[in-house]
Structures are given as structure tokens and as C-alpha cells.
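For reference, the chains in residue letters:
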Amino acid sequence: MGGVRVVVVGAGVVGFSTAVCIVENLPHVSVTLLGEKFSPETTSDGAAGILFAHHNPDVPVEQQRRWFKSSFDHLRLIAQSEDAPEAGVMLSSGWQIFRDVPEDKTPYWSDLVLGFRIMTEREMVRFPEHRFGQAFTTIKCECSRYLPWLEKRFRRAGGQVEQRRVDNLQDLSGSFDVIVNCSGLGSRSLAADVSVQPVRGQVLKMEAPWLQHFIRDGDGLTYIYPGIQGVTIGGTRQGGDWNLQVEENDTRGILKRCSSLEPSLTRARILSSWVGLRPDRRTPRVEVEREVEVKKGGRSVTVVHNYGHGGVGVSLAWGTAMEALGLVKKSLQGNKAKL
Amino acid sequence: MRVAVIGAGVIGLSAAQSIYEQFHSIVSPLSIEVYADYFTPLTTSDGAAGLWQPYLYDKGNVQETKWNKETFDYLLSCLRSPDSIQMGVFLQSGYNLCTEPAPDPSFKDIVLGFRQLTERELQMFPGYNHGWFNTSLMLEGKTYLPWLMDWLQKRGVTFYQRKIESFKELAESGADVIINCSGMRSGDLQPDPELKPGRGQIVKVEAPWLKHWIITHNLKKGVYNSPYIIPGSRLVTVGGILQFGNWSEKNNSTDHKYIWESACQLEPSLKHARIVQDWAGLRPVRSKVRLERETIQSGAAAIEVIHNYGHGGFGLTIHRGCAQEAARLFGQIVEQKGEGPKARL
């Protein structure tokens with residue numbers, strides 16, 4: 001095939017997952033990952049990383065299932081292996097509770113997580129303002145550990161990593177044959193896609209080692225996620241808000257809402273606060289852009305996009321990475337056919 | 001009335017608490033004294049992982065099941081109290097695994113959300129083909145005992161660090177009722193051939209990514225002789241040893257190796273856990289809990305004793321139910337002695 005050169009832009013969970021999928025599955029290809037920010041400074045780092053699927057009305061259910069299942073199964077194997085602590089991947093059980101009984105009591109992902117069931121009346125007694133709940137076991141994937149672990153895996157398979165800000169994908173077309181764009185919010189300029197909007201999220205990390213279960217309000221705004229070194233509580237969903245500063249109002253709101261679900265939090269110490277901007281889009285964009293013709297030498301460069309995962313980046317990273325890998329494979333086969 | 005409690009583990013301290021709660025406004029004056037040679041953090045209760053879970057099957061002992069349930073319901077109600085953190089009580093879920101299909105455990109309706117394990121869940125544990133998942137409670141002795149002592153101290157209960165050699169000794173010093181919560185060493189006060197040590201050894205490790213207990217059951221090997229992993233609020237307890245008749249409280253390296261290797265097989269991520277310490281303790285095993293009154297003649301005097309010992313590996317699990325029963329028996333003595341409210345009319 002000759003040295004096909006692939007570049008992945010973006011060092012968050014989607015970028016590294018995609019880079020690892022490509023380098024491990026396409027042995028004759030050289031893969032370079034370029035990122036402006038690396039862990040612990042990516043959007044992925046502050047996320048609690050609980051695997052959770054949403055129902056996106058604009059994506060076919062089969063595709064959402066495939067993406068979520070692929071991510072869940074991949075991480076579950078890691079959670080049960082020796083690598084679990086280094087990779088920051090663990091099992092997490094808990095409850096999702098609703099003030100009003102939802103229309104869809106058993107969502108499309110209920111058979112993809114473990115042990116899904118409706119909560120019993122005795123279990124609901126702890127949540128007097130909620131009338132319905134689901135209990136299940138899912139995965140927590142902490143990117144502050146997972147990203148360095150993925151990077152190790154990427155390098156071990158021959159991947160190259162470079163810290164570099166990319167201002168224009170065209171700039172890369174001289175040195176690479178396939179460009180995989182995993183730049184999250186950066187795609188507003190890199191892919192000229194202003195439909196990617198920030199949805200601001202603030203979280204607190206609490207010292208509450210007695211908490212072993214996640215609790216999530218079905219409205220997605222209030223959640224408690226115990227992790228390896230602290231309990232992440234949140235949150236906020238402020239569309240179009242670029243503010244990366246921690247806001248006192250939000251801190252108070254989060255503490256109030258989370259303490260009403262778990263009163264012991266009023267006696268927990270705040271370890272840290274963090275703000276991240278979810279790269280929100282109507283649907284995640286996983287597709288090949290029409291092939292870019294490079295003026296000189298008549299070469300064609302394929303651009304594969306994998307961005308716009310909103311608040312489900314960790315939950316869908318591996319599944320969309322595998323999908324992007326499929327697109328890269330197809331385009332390489334297509335190119336072979338053209339020779 | 002003077003009440004002397006022998007033993008400062010979870011059984012002794014909780015018995016003192018129940019008696020105080022129910023009688024301090026009825027019997028006046030009521031002085032409660034706790035005598036023990038070991039206090040927290042050196043008691044058997046301190047070493048236990050602290051999971052509320054009785055043996056799988058109660059074999060018809062409905063009395064003990066009732067006490068277990070009382071304890072569970074009591075601890076569940078404590079979750080909402082502002083004291084819950086200082087008490088060391090919190091919810092935890094986990095897996096009970098069997099090597100072959102087995103009937104549902106006696107505690108299935110007491111715990112929360114009890115269900116069978118699914119095929120996919122069982123795939124996570126090769127070698128085990130049946131099991132259950134439920135939510136239960138943790139009660140960490142190292143936190144609960146200091147909280148109990150503080151609770152008692154604030155209410156005037158006094159503590160004496162001393163090994164009691166006989167019931168007579170306490171009776172002669174003026175105790176009206178003796179509550180015998182001396183656990184493993186009850187035999188020193190009154191021979192009991194039914195009471196035997198069930199030696200256990202555990203390894204405490206740092207593995208904060210583990211949030212579920214995993215307890216295996218090998219019906220051939222017997223209870224507690226199969227690996228278990230129980231995360232706590234700070235450390236994870238790893239164990240799986242029960243040796244009848246072994247009085248040694250020293251850590252044994254063969255036992256350590258057995259526990260560690262079988263636990264790592266069950267949970268591969270443990271390989272990278274930092275080992276903090278080993279500990280060995282003696283479960284006060286008995287065919288059933290001895291919770292009853294005994295009036296012992298000593299010359300012309302009669303010594304009133306309430307026995308409350310022999311809780312095996314489920315002391316924390318059953319403590320409150322037993323404490324309340326001990327208080328009820330104490331009430332009988334109060335009536336007999338004419339110290340009760342009716343006597344004052």
C-alpha cells in the first residue's frame with residue numbers, strides 16, 4: 001500500500017479513542033495525533049465519565065445502540081482487567097430517578113447496561129419528591145487516567161503524538177493522506193461548522209468516601225457520581241455559554257440540588273470545582289467529507305469527521321471511533337481501487 | 001440500679017445503649033458501667049469489614065432472622081440522620097456468587113432491590129454460574145464503636161479498662177444486673193462447649209475504584225471459607241478464611257497467600273492495589289446466639305445475668321435486634337425487683 005499517513009486532530013477522549021482504533025487495526029498505516037491541549041486540560045478530563053446514553057431523536061436508534069454498546073463492552077473488559085485502575089475504568093451502580101413517570105420506562109439502552117430494573121417502592125422511600133426510578137450498573141471512565149492510558153497504548157502500537165495547534169485542516173494535506181477531525185468545539189472553525197455550540201457544565205468534586213452509588217435525576221441536571229478519588233456532583237446545562245470560570249451561583253445551586261437527593265453531602269468537603277464546554281450538536285458528526293483535492297500533485301486527501309458528541313463524549317467515544325475507523329478503511333480501499 | 005456490661009465490642013456497647021434508651025427515665029437512678037479489657041480499635045468488631053449480611057440460610061432460626069431484620073431497618077433509618085457519617089453507616093451494593101444453583105437466601109426480603117444475577121453479569125465471574133445482586137448497608141466498626149462510646153459517655157455511662165474474672169466479682173462490688181457481652185472469651189466467665197473460635201484473617205488494601213462487594217459461596221467449603229472482597233469507606237477488606245478451633249490471633253502467611261491469590265483471581269484489578277495491613281480475629285461462633293437470662297446463685301445472693309454472646313461472623317449484622325432483646329429481658333428484671341413505674345404508684 002505504501003506508507004499511508006493518517007493524522008488525528010484532537011487529544012480528548014474522541015481523538016485518542018479514534019487514534020487507537022486506527023493504529024491498532026490498520027497495521028500498514030502511520031498514525032500521528034495532533035492536539036493543542038492534552039490531559040489534564042481537555043474537556044474530557046473534568047467529565048465524571050459515567051456511561052450513559054441519551055435518546056437523540058435525530059439519530060437512528062440502531063446507530064445509537066451500536067455506538068453505546070461498542071463503548072460499553074470495550075470499557076467493561078477494561079474494568080474487569082488488571083488495567084482497570086491505571087485506565088481509570090470501574091463499574092458503578094446506582095439509580096436514575098424521575099419526578100414524573102417517563103413515557104419510556106425501559107429505554108433503548110436498558111439491555112446494554114448491566115442488571116437494569118425498575119426501582120422498588122422501598123428504594124423510592126429515600127426520594128420523596130420522585131415517583132419513579134431505574135436501577136442499573138454502568139461504567140465510569142475517568143479521563144484524567146484514561147487519556148494517558150490510551151496515549152500509552154497508542155504509542156506502543158507505533159503512534160506518534162505531537163502537541164500542536166491546528167488552525168486549518170488544509171495545512172495538513174501536504175503531509176497526510178487521511179485527516180481525522182476530532183476537535184470537538186474546535187470544529188466550529190476547523191470544519192466551518194457553527195452548529196457546534198458550547199453547553200457549559202459546572203461540576204464540584206466532593207470528599208465523601210462513604211458514597212458508593214451514582215444518583216442521577218432523569219432531567220439530567222442533577223447528579224452525583226462517586227469516583228476513584230472523589231465524588232463528582234453537578235451540574236449545569238447553559239447553552240451558548242462560553243464562560244470557563246467557576247460561578248458561585250452555580251456552586252450553590254449544585255450543592256442545594258444534590259444535597260436534597262443525598263443529605264450527607266451537606267457534611268462533605270469540596271475538593272475542587274471545574275467548568276467544561278460540551279461540544280454540542282444536533283447529532284454527533286461521524287462522516288467523510290467530500291474528498292479534498294490537493295492542488296499540487298493531484299493527490300486526494302480524505303477528511304473524516306468525528307465530533308459534536310455533546311455531553312456523551314465518553315459514552316460514545318469508542319463506538320464512534322470504530323465507526324470512523326470503518327470510514328477510513330473504506331476510503332483507503334476506495335483509493336486503492338483508483339490506482 | 002447498677003448495670004454492669006462486660007465487653008465493649010458492638011454487642012456490649014449497643015446493649016448499654018438500648019438499656020439506657022428504654023430505662024433511663026423509668027429507673028432512677030440508673031448507672032451503667034462498661035467493663036472490658038479491649039476497647040475500640042482493638043475489638044473483634046473493629047476488624048470486621050462491616051457489611052450487613054447474615055449467613056445465606058437461617059435454617060429455621062426465625063428469632064435470629066427477626067433480630068437481623070430489626071438491625072437492618074434501624075440502620076436504614078439512621079441513614080437519614082445527621083449523624084450517619086459519624087456512625088459509619090452507608091449503602092453499598094454487591095454480588096453474592098455461587099458455584100452451583102442455590103435457593104434464594106433468607107435475607108432476600110430484608111435487603112433492598114434483591115434480584116438474580118443476569119447471564120452477562122455472571123460472565124464477569126468465571127467459575128460461578130449463579131448468584132444475586134442487592135443493596136445492603138455497611139457499618140464500619142472503627143467508626144461506629146467510637147460513636148457509640150461517645151453517645152454513651154455523654155449520657156453518663158462510665159468505662160473501666162479491666163478484665164473481669166467472674167460474675168461474682170461484679171456482683172460483690174454492687175452490680176444489680178450483669179450484661180455478659182464478652183464474645184469470644186465468654187468461656188472464661190462460664191464454660192460453654194458450644195462456643196468456639198472461628199478464626200478469620202483479612203487483608204486491608206487501597207483500591208478505591210472498587211465500589212461493590214463480591215462474596216463467593218462454596219457450599220462445600222463452608223461459610224467465609226471462600227474469597228470475599230468488601231470495599232469500605234477508605235480501604236477494601238479482602239478475606240475468605242474461617243478456621244474452627246484456631247485460637248491464634250496472629251497473621252499467618254499461608255492464609256495471606258491463599259486469600260490474596262483467590263481474591264486476585266476473582267477481581268484482577270486487585271493486583272495493583274496497595275496492601276495496607278493484615279489482621280486476624282476470632283469470630284465467637286456458636287450453634288445459635290446465646291441471648292437469655294440466667295440467675296446465678298452465689299451463696300445467699302442471686303446474681304442476675306443477661307447473656308448476649310456467640311454472634312459468630314454476624315455481630316454487626318444482628319447487634320441492634322439483640323440489644324433491644326437484652327433491654328426487654330432487663331425490663332423483666334426491673335419488674336421483678338419492683339423498680340418499675342408500676343411499683344411507684
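Residues numbered from 1 in each chain as written. Chains lettered and ligands numbered in written order. Predicted model: local features only at pLDDT ≥ 70, side-chain atom pairs only at ≥ 80, totals over all residues. Heavy atoms only, no water.

Spelled out, the test is: UniProt positions are given in the numbering used here, feature names are shortened, and annotations may be inferred rather than shown by experiment.
Taking an unreviewed UniProt entry as the reference, chain B is identified by name as D-amino-acid oxidase belonging to Pogonophryne albipinna. The record held by UniProt for chain B lists under Sequence similarities (unreviewed entry) the comment "Belongs to the DAMOX/DASOX family." Listed under Cofactor (unreviewed entry) in UniProt, the entry text for chain B is "FAD".

The name recorded for chain A in an unreviewed UniProt entry is D-aspartate oxidase, from Pogonophryne albipinna. According to the UniProt record, the Subcellular location (unreviewed entry) comment for chain A reads "Peroxisome matrix". For the record of chain A, the UniProt heading Sequence similarities (unreviewed entry) holds the text "Belongs to the DAMOX/DASOX family."

Examining the interface of chain A and chain B
Worth spelling out the cut-off: Should any heavy atoms of two residues lie within 4.5 Å, those residues are counted as being in contact. Here's the idea: put two parts together, see how much 1.4 Å probe accessible area each one loses, and the total over both is what we call buried area. We define a salt bridge as a side-chain nitrogen of Lys or Arg found within 4 Å of a carboxyl oxygen belonging to Asp or Glu. Whenever a nitrogen or oxygen atom comes within 3.5 Å of another N or O atom, the pair is scored as a polar contact, on the condition that within protein one atom can donate a hydrogen and the other can accept it, and that pairs from neighbouring residues in sequence are kept only if both atoms are in side chains. By definition, any uninterrupted DSSP run of H or I lasting at least four residues is a helix, any uninterrupted run of E lasting at least two residues is a strand, and each is numbered from the N terminus.
Listed per partner, the contact involves 35 residues of chain A and 41 residues of chain B. Here chain A packs against chain B, burying approximately 3,100 Å² in sum over the two surfaces, 55% of which is carbon and sulfur. Where chain A meets chain B, there are two salt bridges. In this structure, A:Glu82 and B:Lys271 form a salt bridge, with 3.1 Å as the shortest nitrogen-oxygen distance. Joining chain A to chain B, the criterion identifies 14 residue pairs in polar contact (both at pLDDT 80 or more). Breaking the side of chain A that touches chain B down by element, the ones donating at least two residues are α3 (61–79), α4 (84–87), β3 (89–98), β4 (114–118) and α5 (121–124) of chain A. Here the side of chain A that touches chain B takes five residues from β3(A), the largest share from any one element.

With respect to the packing of helix α3 (residues 62–78) of chain B against helix α10 (residues 315–336) of chain B
Residues and elements named next belong to chain B. Inclusion rule: Geometry is summarised by axes, namely lines fitted to C-alpha atoms with helices restricted to the contacting stretch, and by angles between N-to-C directions that run from 0 to 180 degrees. Oblique is the label for any angle not covered by the other classes, which are roughly parallel (under 35 degrees), roughly antiparallel (over 145) and roughly perpendicular (65 to 115). Following the grouping adopted for this structure description, the nonpolar residues are Ala, Val, Leu, Ile, Met, Phe, Trp, Tyr, Cys and Pro, the charged ones are Asp, Glu, Lys and Arg, and the polar ones are all others, Gly among them.
Packing of α3 against α10 brings their axes to within 7 Å, and their N-to-C directions diverge by 100°. Looking at the two axes, α3 sits roughly perpendicular to α10. Contact with α3, carried on its side by Glu64, Trp67, Asn68, Glu70, Thr71, Tyr74 and Leu75, involves Leu316, Thr317, Ile318, His319, Arg320, Gly321, Cys322, Gln324 and Glu325 of α10 and no other residues of that element. Grouping the amino acids of the contact of α3 with α10 by side-chain chemistry returns six nonpolar, six polar and four charged.

Description of unusual backbone geometry
Cis geometry is adopted by the peptide bond preceding A:Pro40, which originates at A:Ser39 and carries an omega value of 10°. With respect to the element layout, A:Pro40 can be found in the loop between β2 (29–35) and α2 (43–46). B:Pro41 follows B:Thr40 through a cis peptide bond whose omega is 10°. Note on placement: B:Pro41 falls in the loop between β2 (31–36) and α2 (44–47).

Observations regarding the UniProt feature "binding site: D-serine" (unreviewed entry) in chain B
Residue and element names in this part refer to chain B. Put simply, the test is: Burial classes follow relative accessibility: with a 1.4 Å probe on protein chains only, a residue under 20% of its type's maximum area counts as buried, one over 50% as exposed, and anything between as partly exposed.
With numbering matched to this structure, UniProt assigns "binding site: D-serine" (unreviewed entry) to Tyr228, Arg283 and Gly313. In this structure Tyr228 comes out as buried when scored by relative accessible area, which is 10%. In this fold, Gly313 is placed in the loop between β15 (301–309) and α10. Residue Gly313 is classed as partly exposed on the basis of its relative accessible area of 32%. Excluding residues within four positions of it along the chain, Gly313 makes contact with Tyr55, Tyr224 and Arg283.

Description of the sheet that holds strand β1 (residues 2–6) of chain B
Residues and elements named next belong to chain B. Formally: Criterion used throughout: strands pair if DSSP finds at least two bridges between them.
Strand order in this open sheet of six strands is β6-β2-β1-β7-β15-β14, and the pairing throughout is mixed. Of all the strands in the sheet, just β6 (158–161) and β14 (290–298) have a single pairing partner and so form its edges. Taken pair by pair, the neighbouring strands of this sheet meet at an average axis angle of 20°, ignoring direction. Where strand β7 (residues 177–180) and β15 come together, four bridges link them in parallel fashion. Following the sheet pairing, Ile179 is matched in β15 by Ile306. Across the sheet, helix α1 (residues 10–23) lies against β1, β2, β6, β7 and β15, angled at about 180° from β2, the strand it touches most.

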